[in-house]
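Per-entry structural report
Here are the chains, one letter per residue:
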Amino acid sequence: MAKRIGIEVSLAISEAVRLANVDAIAAYPITPQTHIVEHLSELVASGELDAAFIPVESEHSAMSVCAGTSAAGARTYTATSSQGLALMNEILYIIPALRLPVVMTIANRAVSGPISIWNDHSDIMGVRDTGWIALFAENGQEAFDLSLMAFKIAEDHRVLLPISVNIDGFTLSHVIEPHEFLDQDEVDKFLPPYTPAVQLNPDAPVSMGTVGIPEIFSEAKKCQDEVLKGSEAVIKEVFADFGERFGRHYKVVETYRSEGAETLLLTMGSVGETAMEAIDRLRDEENRPVGLIRLRLWRPFPVEALRAEMSGVKTLAVIDRAVSFGGTAGPVAGEIRSALYSTDQAPYVASFIAGLGGRDITISDFMAVVDQAEKMAAANEIHQYKMIGVRE
Amino acid sequence: MENLNVYAAKLAPQQESLAPGHRACQGCAELLAVRLVAKTLGRDYIIANATGCLEIVTSSFPHSAWQVPWIHVAFENAAAVASGVEAGIKVLQRKGRYPVDRKITIIAQAGDGGTVDIGLQALSGALERGHDMVYICYDNEAYMNTGVQRSSSTPYGATTTTSPAGKADPLGQHTMKKNIVEIAAAHNIPYVATASPSYPFDLMQKVRKAADTPGPAYIHCFVPCPTGWRMAPNLAVSIGRIAVESKVFPLYEIENGEYKMTVTHKNHRPVIDYLKPQGRFRHLSEANIAEIQQQVDKSYDRLLKKVKMSQIELD
């Protein structure tokens with residue numbers, strides 16, 4: 001049966017990758033992703049994991065090697081952060097177009113400049129439209145569970161797309177949390193070895209990555225988007241299967257004390273835990289109708305699941321951890337406004353940017369956000385975004 | 001296929017894995033070389049192809065000229081993709097999920113731009129990590145696919161669309177061709193060679209040797225490009241021969257660090273014989289040509305010294 005142990009989240013992710021019996025890992029070191037790949041290389045060196053560990057000379061090559069191993073038919077994993085993700089950018093577009101189910105942990109970190117090793121979401125927002133499935137974990141257990149489920153989702157023949165599992169750098173990657181691990185035989189039943197739909201094999205030659213002439217390019221892109229959108233059903237299926245087997249239940253959109261709420265906070269990633277504390281205080285001490293909504297699935301964007309949580313909600317305060325320079329809102333808030341625009345009685349969507357480059361977002365910050373959002377809603381204030389805690 | 005050079009052409013393998021009907025220009029020596037490589041390797045090989053002429057002329061969807069598994073990802077990463085294919089197959093074979101009944105050769109192939117410029121880092125990484133693969137650079141001495149722009153493999157004095165000879169600057173390319181063969185050899189890999197489709201049996205023998213060598217091998221293949229070099233398509237093979245006869249592109253191999261000439265000539269032709277048929281050198285003055293002759297002599301002498309040193313070491 002499952003063991004409950006205290007372990008650093010990075011190591012727990014490595015253990016999930018070991019349990020997934022991954023075949024190939026290609027990685028390049030970057031803070032704060034390093035503990036994940038260090039531990040994986042130890043597991044390979046000790047013989048606990050039978051996999052190829054390919055220590056490449058850059059993230060661009062890391063993702064390129066992943067293309068090669070995955071096309072050969074190997075279950076493939078990598079991890080990166082920030083500049084590393086930015087350097088991979090070119091290849092990130094090509095992996096889903098080749099329908100290669102690579103799984104990647106992104107230990108989210110601010111993108112330079114100024115250079116910062118600390119946490120925000122500017123790295124993942126910069127690669128939003130590369131065609132990857134993107135999941136966000138709130139705590140270590142989620143990171144462990146999502147890492148295992150990621151392989152099952154990605155390798156499903158109805159999907160065959162790459163997945164990023166996003167964990168906040170340092171605030172998740174470097175903290176020790178209690179995790180319930182799974183036994184190898186349970187995981188093996190849940191996640192059998194990868195069976196590729198096509199692979200590079202001289203017995204059945206294929207050409208992968210051919211030239212897309214104008215006559216077929218639009219069709220190729222449309223197919224890709226349909227498959228990505230269609231993956232949401234498979235994601236829900238895998239979440240349900242996981243919940244049934246292991247008793248931990250996941251949804252693409254999670255809510256916390258949202259019953260009867262008129263104001264909702266919306267977060268992605270680890271700050272959801274702090275936001276819960278703020279909601280508890282506002283509910284229990286001030287008796288205010290507030291709640292929290294957490295996006296676990298960022299791509300494909302869960303439009304229907306989000307809309308379903310909006311009944312009776314008057315104000316939605318979206319917390320972004322990145323800036324869309326010169327844009328209309330924070331990157332998440334912009335999506336939310338777009339997703340709710342055509343619905344009846346759409347709530348007022350207030351866009352807040354907080355926690356850039358490792359700046360803490362405190363419980364009182366969240367409480368203040370609720371107050372401010374409600375005031376803005378009452379005045380129907382037209383705004384792009386409000387930045388929390390910035391010294392102007 | 002030992003000592004192919006003593007056999008007649010009709011004894012070369014009949015097998016083809018590069019289908020006809022691809023879209024290369026008339027007289028393209030690159031596709032000629034690729035066909036010879038394909039003949040040598042049969043069907044049990046996998047290609048990781050960089051973006052470039054070779055990729056676009058052989059893979060315009062829904063057509064593909066490749067009868068072997070082939071993957072193209074991007075411009076600068078053929079070496080990295082090939083190393084992934086190699087590592088992936090090795091681990092799957094160990095785990096019993098990939099055929100083990102025969103050796104499958106992993107080929108990375110790219111042009112000079114994809115090798116000596118944008119792909120240099122990925123190439124160095126792959127060679128350093130020691131993957132069992134053969135990297136073949138098809139060097140036509142400029143970015144031909146995008147319209148003949150200079151690369152660091154473009155020779156001194158050549159005019160290209162980004163190193164044009166003009167009134168204020170009549171030379172064309174100012175820099176010497178990057179010596180990528182030495183760079184590859186500096187990784188201490190077991191096999192490095194230069195090759196030319198104008199010497200088909202020499203090329204095929206080197207490909208065989210590279211494929212049979214465990215660990216990384218690098219072959220630098222000189223492929224005249226009539227379109228980019230501004231010459232008649234029917235000159236592609238003969239200009240390749242003249243390049244060797246004039247010492248411009250010597251054919252040699254470096255096996256475990258030992259240099260050996262594989263094609264030698266008693267009387268070398270002057271470089272003017274090589275330069276003259278090509279429009280890209282037409283603007284050069286007599287002084288320029290004399291300078292190039294000196295450069296060629298010097299680098300050839302330097303190569304011969306290395307060959308001699310290797311012979312002394314072997315003795």
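What you are looking at is a predicted structure, and each value in this text was computed from that prediction instead of being measured.

1. Describing the pairing of strand β11 (residues 263-267) of chain A
All names here are of chain A. Among the 5 residues that make up β11, 5 are buried, leaving the element largely enclosed by the rest of the structure. The alternating pattern of β11 places Thr-263, Leu-265 and Thr-267 and Leu-264 and Leu-266 on opposite faces, both of which are buried. In this sheet, strand β14 (residues 315-320) lies alongside β11 in parallel orientation, the contact comprising 4 bridges. Across the sheet, the residue bridging to Leu-265 is Ala-317, located in β14.

2. Re the interface of chain A and chain B
In this assembly, 40 residues from chain A lie in contact with 41 residues from chain B. Residue assignment for the side of chain A that touches chain B shows that the elements contributing at least two residues are β2 (24-27), β3 (52-55), α3 (59-72), α4 (82-97) and β9 (207-208) of chain A. By residue class, the composition of the side of chain A that touches chain B is 23 nonpolar, 12 polar and 5 charged. The pairing of β9(A) with strand β2 (residues 70-72) of chain B spans 2 bridges and is classified as parallel. Counted as the bridge partner of A:Ser207 is B:Trp70 from β2(B).

3. Quick look at the environment of A:Leu11
Residues and elements named next belong to chain A. Relative to the elements of secondary structure, Leu-11 occurs in helix α1 (residues 9-19). Residue classification places Leu-11 among the buried residues on the basis of 22 C-beta atoms within 10 Å. Once the C-alpha coordinates of Leu-11 and Glu-38 are considered, the two residues, 27 residues apart in sequence, prove to be 9.0 Å apart. When sequence neighbours within four positions are dropped, the list of residues in contact with Leu-11 reads His-35 and His-39.

4. Observations concerning the sheet that holds strand β10 (residues 253-256) of chain A
Residues and elements named next belong to chain A. An order of β10-β12-β11-β14-β15-β16 is seen for the 6 strands of this open sheet, with the pairing classed as mixed. At either end of the open sheet lies a strand with only one pairing partner, and these are β10 and β16 (386-387). Bridge count between β11 and strand β12 (residues 290-295): 5 bridges; the pairing is parallel. Paired with Leu-264 across the two strands is Gly-291, which belongs to β12. Against the sheet, helix α11 (residues 331-340) touches β11, β14 and β15 (348-353), its axis set at about 145 degrees to β14.

5. Focus on the sheet that holds strand β4 (residues 76-80) of chain A
Residue and element names in this part refer to chain A. Strand order in the open sheet formed by 7 strands is β3-β2-β4-β5-β7-β6-β13, with mixed pairing between adjacent strands. Edge positions in the sheet fall to β3 and β13 (297-299), since each of these pairs with one other strand and no more. In this sheet, adjacent strand axes meet at a mean angle of 20 degrees when their direction is disregarded. In this structure, strand β6 (residues 133-136) lies alongside β13, joined through 2 bridges in antiparallel fashion. Across the sheet, Leu-135 pairs through a bridge with Leu-297, a residue of β13. Its contacts with the sheet place helix α6 (residues 140-155) against β5 (103-108), β6 and β7 (163-168), and it is angled at close to 170 degrees to β7.

6. Examining the domain arrangement of chain A
All names here are of chain A. One can read the domain layout of chain A as domain 1 (4-246) and domain 2 (253-387). Between domain 1 and domain 2, the C-alpha centre-to-centre distance is 28 Å. Opposite the 26 residues of domain 1 that make contact, domain 2 presents 20 residues. Looking at the side of domain 1 that touches domain 2, the elements that each hand over two or more residues are α5 (122-126), β6, β7 and α8 (214-246). Counting residues per element, the side of domain 1 that touches domain 2 draws most heavily on α8, at 5 residues. Across the side of domain 1 that touches domain 2, the residue classes tally to 11 nonpolar, 9 polar and 6 charged.

What counts and how
- Residues numbered from 1 in each chain as written.
- Chains lettered and ligands numbered in written order.
- Predicted model: local features only at pLDDT ≥ 70, side-chain atom pairs only at ≥ 80, totals over all residues.
- Buried ≥ 20, exposed ≤ 12 C-beta atoms within 10 Å, placed from the backbone.
- Helix = DSSP H or I, 4+ residues; strand = E, 2+ residues; numbered from the N terminus.
- Pairing = 2+ DSSP bridges.
- Contact = placed C-beta atoms within 7 Å.
- Nonpolar A, V, L, I, M, F, W, Y, C, P; charged D, E, K, R; others polar.
- Axes fitted to C-alpha atoms, helices over the stretch in contact; angles between N-to-C directions.
- Domains from an automatic or database assignment.

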